[in-house]
Amino acid sequence: MNEKWFDTAARVGARIIELLHWIAAATLAALLIFSFFFAQDIGAVLAEGVAKAGSEELASYGFRVALVVDDAARGVSLAAFRLFLGGAAITLSLMAMVFRNVYLILRNTRGGTPFVPDNIRMLREIGWFSIAQPAVGLVVSVLVQLTCGIGRVDASVDIDSLIIGLLALCLTRVFARGMQLERDTEGLL
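Residues numbered from 1 in each chain as written. Predicted model: local features only at pLDDT ≥ 70, side-chain atom pairs only at ≥ 80, totals over all residues. Heavy atoms only, no water.

Caption draft 1: Representation of the overall build of the chain within the structure. Across its full length, the chain carries five helices and five strands. Counting from the amino terminus, helix and strand elements in the chain follow one another as α-α-β-β-β-β-α-α-β-α. Counting the 189 residues in the chain, one finds 37% classified as buried. Taking the contacts inside the chain whose residues are at least 6 apart along the sequence as the reference set, 72% of them involve residues at least 24 apart. Here the chain has roughly 11200 Å² of accessible surface; of this, 66% comes from carbon and sulfur atoms. (Helix = DSSP H or I, 4+ residues; strand = E, 2+ residues; numbered from the N terminus. Buried < 20%, exposed > 50% of the residue type's maximum accessible area, 1.4 Å probe, protein only. Contact = heavy atoms within 4.5 Å. Areas by Shrake-Rupley, 256 points an atom, 1.4 Å probe, with all protein chains shown as cover.)

Quick look at the structure:
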């Protein structure tokens, strides 16, 4: 009974988290688009926030950009803000795909074996999506430095999801071996 309740809760939770990630990614993409039409208003709000705090750090899954007041433009670098929005939207989309695959794996294993080709493929995708996150952050960090000037805006990337992605890819090999062993034992019976 407890196991069935946990499976249901995990599937529902994965689906909700997936949906929240898609909503957040769409919101950031919309804000990115609006930043081109309402640049002055968004720049003023950002500059006011940074002026109060001294600097404003934006973060998404280990990818960080610290906005500081740009003396030449008398405001916050909108280019850094826009690059962060684009990178964060991509990162959130990748995480939505991770939770989508988690949901599908949990759904596929209800009452059956986890060692099926679809689950192995989805677990491999989880690994690649996780590895792509710091790669996106690294590319955007380099673009922020090139666009705003090296050393003018602080951008950094954590590699935690890289490690998780590598672990998922290793688990893919274990699941593939489990599927092969399961097929071999079915042939013996």
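Moving on, there is more to tell.
Caption draft 2: Focus on unusual backbone geometry. The backbone phi angle of Tyr61 is positive, close to 50°, even though this residue is not glycine. Following the sequence through the fold, Tyr61 ends up in the loop between β1 (56–60) and β2 (63–67).

Caption draft 3: Region of interest: a nonpolar patch on the surface. Taken together, the side chains of Leu138, Val139, Val142, Leu143, Leu146 and Ile150 define a hydrophobic patch exposed on the protein surface, amounting to about 610 Å² of accessible area. Looking at the element boundaries, Ile150 is found in the loop between α4 (117–148) and β5 (154–157). (Patch = residues over 30% accessible without salt bridge, like charges linked within 9 Å, V, L, I, M, F, W, Y side chains within 5 Å. Salt bridge = Lys/Arg side-chain N within 4 Å of Asp/Glu carboxyl O.)

Caption draft 4: Region of the structure containing α4. With 32 residues, α4 should reach 46 Å at 1.5 Å per residue; the first-to-last C-alpha distance of 46 Å fits that figure. In the stretch just after α4, Gly149 is the one whose phi turns positive, near 105°. (Expected span 1.5 Å × (residues − 1).)

Caption draft 5: Expanded view of the nonpolar core. Ranked by size, the top nonpolar core spans 34 residues in total, and within it Val65, Leu67, Ala80, Phe81, Phe84 and Val144 carry the most contacts. Secondary structure elements with two or more residues in this core: α1 (2–37), α2 (39–53), β2, α3 (78–108) and α4. At 14 residues, α3 tops the list of elements feeding residues into this core. Excluding anything up to four places from it in sequence, Ala80 contacts Val65, Leu67, Val144, Cys148 and Val153. (Core = buried A, V, L, I, M, F, W, Y, C linked by side-chain atoms within 4.5 Å.)

Caption draft 6: Quick peek at the packing of aromatic side chains. Under the counting rule described, the total for this entry stands at two aromatic pairs. A ring pair is formed by Phe63 and Phe84, whose centres lie 5.5 Å apart and whose planes are at 20°; its orientation type is stacked. Placement of Phe63 in strand β2 and of Phe84 in helix α3 is noted, with a sequence separation of 21 residues between them. A relative accessible area of 6% means that Phe84 is categorised as buried. (Phe/Tyr/Trp six-rings, centres within 6.5 Å; stacked < 30°, edge-to-face > 60°.)

Caption draft 7: Spotlight on the sheet that holds β5. With antiparallel pairing, the three strands of this open sheet are ordered in space as β1-β2-β5. Taken across any chain shown, the strands that pair with only one partner, and hence form the sheet edges, are β1 and β5. Across this sheet, the average inter-strand angle for adjacent strands is 15°, counted without regard to direction. Alignment of β2 against β5, held across four bridges, turns out to be antiparallel. Bridged to Phe63 within β5 is Val157. Seen against the sheet, α4 touches β2 and β5 and runs at an angle of roughly 165° to β5. (Pairing = 2+ DSSP bridges. Axes fitted to C-alpha atoms, helices over the stretch in contact; angles between N-to-C directions.)

Caption draft 8: Molecular detail of the environment of Gly87. Here Gly87 lies in helix α3. The spacing of Gly87 and Val140 is 53 residues in sequence and 6.2 Å in space, taken between C-alpha atoms. If we ignore the near neighbours within four places in the chain, the residues touching Gly87 are Phe63, Val136 and Val140.

Caption draft 9: Main features of the layout of surface pockets. Approximately 240 Å³ is the volume attributed to the largest pocket. Looking at the largest pocket, it is lined by 14 residues, and the ones nearest its centre are Met95, Val98, Ile126, Ser130 and Ile164. Mapped onto the lining of the largest pocket, the elements with two or more residues apiece are α3, α4 and α5 (160–188). Ranked by residues supplied to the lining of the largest pocket, first place goes to α3 with five residues. By residue class, the composition of the lining of the largest pocket is 10 nonpolar, three polar and one charged. (1 Å grid on protein atoms, 1.4 Å probe; cavity = no way out; pocket = protein on both sides within 12 Å on 5 of 7 lines; lining within 4 Å. Points joined across faces, edges and corners; volume = space filled by probe spheres on them. Nonpolar A, V, L, I, M, F, W, Y, C, P; charged D, E, K, R; others polar.)

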